[in-house]
Every structure is written in C-alpha cells, then in structure tokens.
Amino acid sequence: MVEIDAAKRKDVAEVVRRWITSEVIRNYLRNLLNLPVERELPAEQKHLLQELDRADKE
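First, a word on scope: everything that follows refers to the structure included in this document. (Residues numbered from 1 in each chain as written. Predicted model: local features only at pLDDT ≥ 70, side-chain atom pairs only at ≥ 80, totals over all residues. Heavy atoms only, no water.)

1. Comments concerning a nonpolar patch on the surface
Here is step 1: A surface patch of nonpolar side chains, amounting to about 760 Å² of accessible area, comprises Val2, Ile4, Val12, Val15, Val16, Trp19, Ile20, Val24 and Ile25.
Here is step 2: Within the residue set of the nonpolar patch, elements represented by two or more residues are helix H1 (6-20) and helix H2 (23-32).
Here is step 3: At five residues, the largest contribution of residues to the nonpolar patch is made by H1.
Here is step 4: Its location among the elements puts isoleucine 25 in helix H2. (Patch = residues over 30% accessible without salt bridge, like charges linked within 9 Å, V, L, I, M, F, W, Y side chains within 5 Å. Areas by Shrake-Rupley, 256 points an atom, 1.4 Å probe, with all protein chains shown as cover. Salt bridge = Lys/Arg side-chain N within 4 Å of Asp/Glu carboxyl O. Helix = DSSP H or I, 4+ residues; strand = E, 2+ residues; numbered from the N terminus.)

As structure tokens, this is what we get:
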C-alpha cells in the first residue's frame, strides 16, 4: 500500500469533505460504491467526528 504524508492526507480529507457536502455527489458516490444509507450516526461515532472537526480547525 502506498504511504502518504500528513499534508496529503489532510488535502484528501478536505476534498472528500467538499464532495460530500454536495447532495448530487454524495448520491453518486453512495450509488457507485453501493453504500447503505444510515439515517443517524451512533452517538460514539458522532462524538469522534466532532472531535476530528475540532482538531482540524486548530
């Protein structure tokens, strides 16, 4: 597997965040990857995502 540095990972994460804010692209990716739809995140996962967002903003 190809290793990528932290800066590139951050860039990729930013692009993915921008993509999933678009309803059209979110639906396209979900259909392309045949992903199941979850209406609500479990509390633990929601908390972890909030922590990641907070750390990313620092």
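That shown, we press on.
2. Points about H1
A turn of α-helix holds 3.6 residues, and therefore any two residues three or four places apart point the same way.
Here is step 1: The terminal C-alpha atoms of H1 lie 21 Å apart, and with 15 residues this matches the ideal 21 Å at 1.5 Å per residue to within 8%.
Here is step 2: Of the residues that open H1, the one with a side-chain oxygen 3.2 Å from the backbone nitrogen of alanine 7 is aspartate 5. (Expected span 1.5 Å × (residues − 1). Polar contact = N/O pair within 3.5 Å; in protein donor to acceptor, adjacent residues only side chain to side chain.)

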